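Residues per chain are reported as follows:
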Amino acid sequence: MSTTTDTSEIERAVAHLADAKRLLVALDFDGTVSPLVDTPSESRVIPEARAALTALERMPDTWVAFVSGRPLDGLVRVTEADDSALLIASHGVEVRLTGGGVDVGLTDTERVRLAALAADLELIVSETPGSKLERKPVGLGLHTRGVEPDVARAADDRAREAAQRRGGFLERAGKDILEFAVRDATKGDGIERLRKHVRATAVLYAGDDVTDEDGFAVMHAGDVGVKVGTGRTAARFRVADPDAVAALLTRLAELRGHVA
Ligand SMILES: [Mg+2]
């Protein structure tokens with residue numbers, strides 16, 4: 001199905017969502033409910049969208065969630081989310097469900113695998129002055145900033161060998177960091193976990209970026225995917241900018257308010 005900007009079709013889709021038995025409103029943050037800004041930490045939900053989301057959250061059988069590439073702690077800050085907010089961070093790797101607490105959904109096998117590699121890397125770090133081990137929600141990072149290049153390379157090689165020996169790790173090399181993850185999640189994975197968690201019968205997902213396509217890919221019949229701005233998309237609908245998203249959310253709150 002092609003993407004449409006037709007306002008009457010969007011209105012129909014929103015009206016359909018407003019009637020949903022159990023509604024999940026999932027939104028990307030940057031560029032979707034907040035304008036893109038130069039200082040990411042200063043980014044905030046635009047007031048009209050905030051008002052609509054607050055209204056929606058108070059309605060029965062209605063849940064609001066943010067789905068972002070930002071790490072969880074940063075996402076909590078910019079969304080000013082309280083403990084009850086549903087958050088998908090780090091592109092689906094970090095999931096915070098109702099009742100606080102981070103649930104990254106690691107299996108026992110993944111947990112054991114991660115602990116085993118952590119022990120290997122700790123040994124390498126202890127023998128490589130200046131290096132550091134970072135524990136991430138689903139992985140480990142070996143930092144070698146400031147370490148002699150030859151020494152750093154040797155440490156990286158040992159870490160790679162260890163990860164290969166353990167098996168099941170995705171490797172990502174960055175500047176002075178080598179990362180190993182047991183999980184490579186997407187926003188789509190996060191949305192599916194939320195859908196199950198709240199037992200949603202319909203989902204709205206809006207996003208502006210390439211990674212949001214993973215979210216549009218998991219839209220079922222009756223769900224509504226909204227691409228914000230330009231660019232290729234699998235979403236059924238397209239709106240221009242965060243102000244248009246805010247208007248859509250306001251309309252949804254208005255219609256659902258009458259139903260609820
Ligand atoms: Mg975005």
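Predicted, not measured: the structure shown is a model, and the values here were computed from it.

Q: When you look at the sheet that holds strand β4 (residues 94–96) in this model, what are you seeing that I'm missing?
A: With mixed pairing, seven strands are arranged side by side in an open sheet as β4-β3-β2-β1-β9-β10-β11. Strands with a single pairing partner mark the edges of an open sheet, and in this sheet they are β4 and β11 (237–239). For this sheet, the mean angle separating the axes of adjacent strands, direction not counted, is 15°. Where strand β1 (residues 23–27) lies against strand β9 (residues 202–207), five bridges are found, and the strand directions are parallel.

Q: Explain the nonpolar core to me, please; I cannot follow it from the model alone.
A: As a rule of thumb, soluble globular proteins bury nonpolar side chains together. Counting residues in hydrophobic clusters, the biggest one holds 42 residues, and the most contacted among them are Val25, Phe66, Leu204, Leu249 and Leu252. Sequence-distant contacts of Leu204, that is, excluding residues within four places in its chain, are made with Leu17, Leu24, Val25, Ala26, Val224, Val226, Leu248, Leu249 and Leu252.

Q: Help me understand the side chain of Ser68 in this model?
A: With respect to the secondary-structure elements, Ser68 resides in the loop between β2 (62–67) and α3 (72–79). A polar contact is formed between the side chain of Ser68 and the backbone nitrogen of Arg70, at a distance of 2.9 Å. Once you skip the residues sitting within four places of it in the chain, Ser68 turns out to touch Asp28, Phe29, Asp30, Leu75, Ile88, Ala89, Ser90, His91, Gly92 and Lys187.

Q: Where do I start with the packing of aromatic side chains in this structure?
A: In this description, a pair of aromatic rings is defined by centroid distance and the angle of the planes. Enumeration according to the criterion identifies two aromatic pairs in this entry. Centroid distance Phe29 to Phe66: 6.2 Å. Interplanar angle 80°. Geometry classified as edge-to-face. With a gap of 37 residues between them, Phe29 in the loop between β1 and α2 (47–57) and Phe66 in strand β2 connect regions that are remote in the sequence. Across the pair, Phe66 and Phe29 agree in class, each one buried.

Q: I would appreciate a short explanation of the pairing of β1 in the present structure.
A: Side-chain positions along a regular strand alternate between the two faces of the sheet. Within β1, five of the five residues are buried, which leaves the element mostly enclosed by the surrounding structure. Summarising the sheet, β1 and β2 pair through five bridges and their orientation is parallel. Bridge pairing in β2 places Leu27 opposite Phe66. Crossover connection from β1 via α2 to parallel β2: handedness right-handed.

Q: When you look at the packing of helix α4 (residues 108–126) against helix α5 (residues 149–166) in this model, what are you seeing that I'm missing?
A: A pair of packed helices is characterised by two quantities: the angle between their axes and the separation of those axes. At a minimum axis distance of 10 Å, the contact between α4 and α5 shows a crossing angle of 160°. In terms of their interaxial angle, α4 and α5 are classed as roughly antiparallel. When the axes of α4 and α5 are compared, the crossing they make is right-handed. Within the contact between the two elements, α4 uses Ala116, Leu117, Asp120, Leu121, Leu123 and Ile124 and α5 uses Ala155, Arg158, Ala159, Ala162, Ala163, Arg165 and Arg166. Considering only residue class, the contact of α4 with α5 consists of nine nonpolar, no polar and four charged.

Q: I would appreciate a short explanation of the pairing of strand β3 (residues 86–89) in the present structure.
A: Burial of the side chains of β3 extends over both faces: Leu86 and Ile88 are buried on one face and Leu87 and Ala89 on the other. As defined by bridge partners, β2 adjoins β3 across three bridges and the pair is classed as parallel. Considered in β3, the bridge of Phe66 is made with Leu87. In this fold, the crossover linking β2 to β3 by way of α3 has right-handed handedness.

Conventions and cut-offs
- Residues numbered from 1 in each chain as written.
- Predicted model: local features only at pLDDT ≥ 70, side-chain atom pairs only at ≥ 80, totals over all residues.
- Heavy atoms only, no water.
- Pairing = 2+ DSSP bridges.
- Helix = DSSP H or I, 4+ residues; strand = E, 2+ residues; numbered from the N terminus.
- Axes fitted to C-alpha atoms, helices over the stretch in contact; angles between N-to-C directions.
- Core = buried A, V, L, I, M, F, W, Y, C linked by side-chain atoms within 4.5 Å.
- Buried < 20%, exposed > 50% of the residue type's maximum accessible area, 1.4 Å probe, protein only.
- Contact = heavy atoms within 4.5 Å.
- Polar contact = N/O pair within 3.5 Å; in protein donor to acceptor, adjacent residues only side chain to side chain.
- Phe/Tyr/Trp six-rings, centres within 6.5 Å; stacked < 30°, edge-to-face > 60°.
- Right-handed = clockwise from strand over helix to strand, strands pointing away.
- Parallel < 35°, antiparallel > 145°, perpendicular 65-115°, else oblique.
- Left-handed = near helix turned anticlockwise from the far one by under 90°.
- Nonpolar A, V, L, I, M, F, W, Y, C, P; charged D, E, K, R; others polar.

Distances and angles like these do not, on their own, reveal function.
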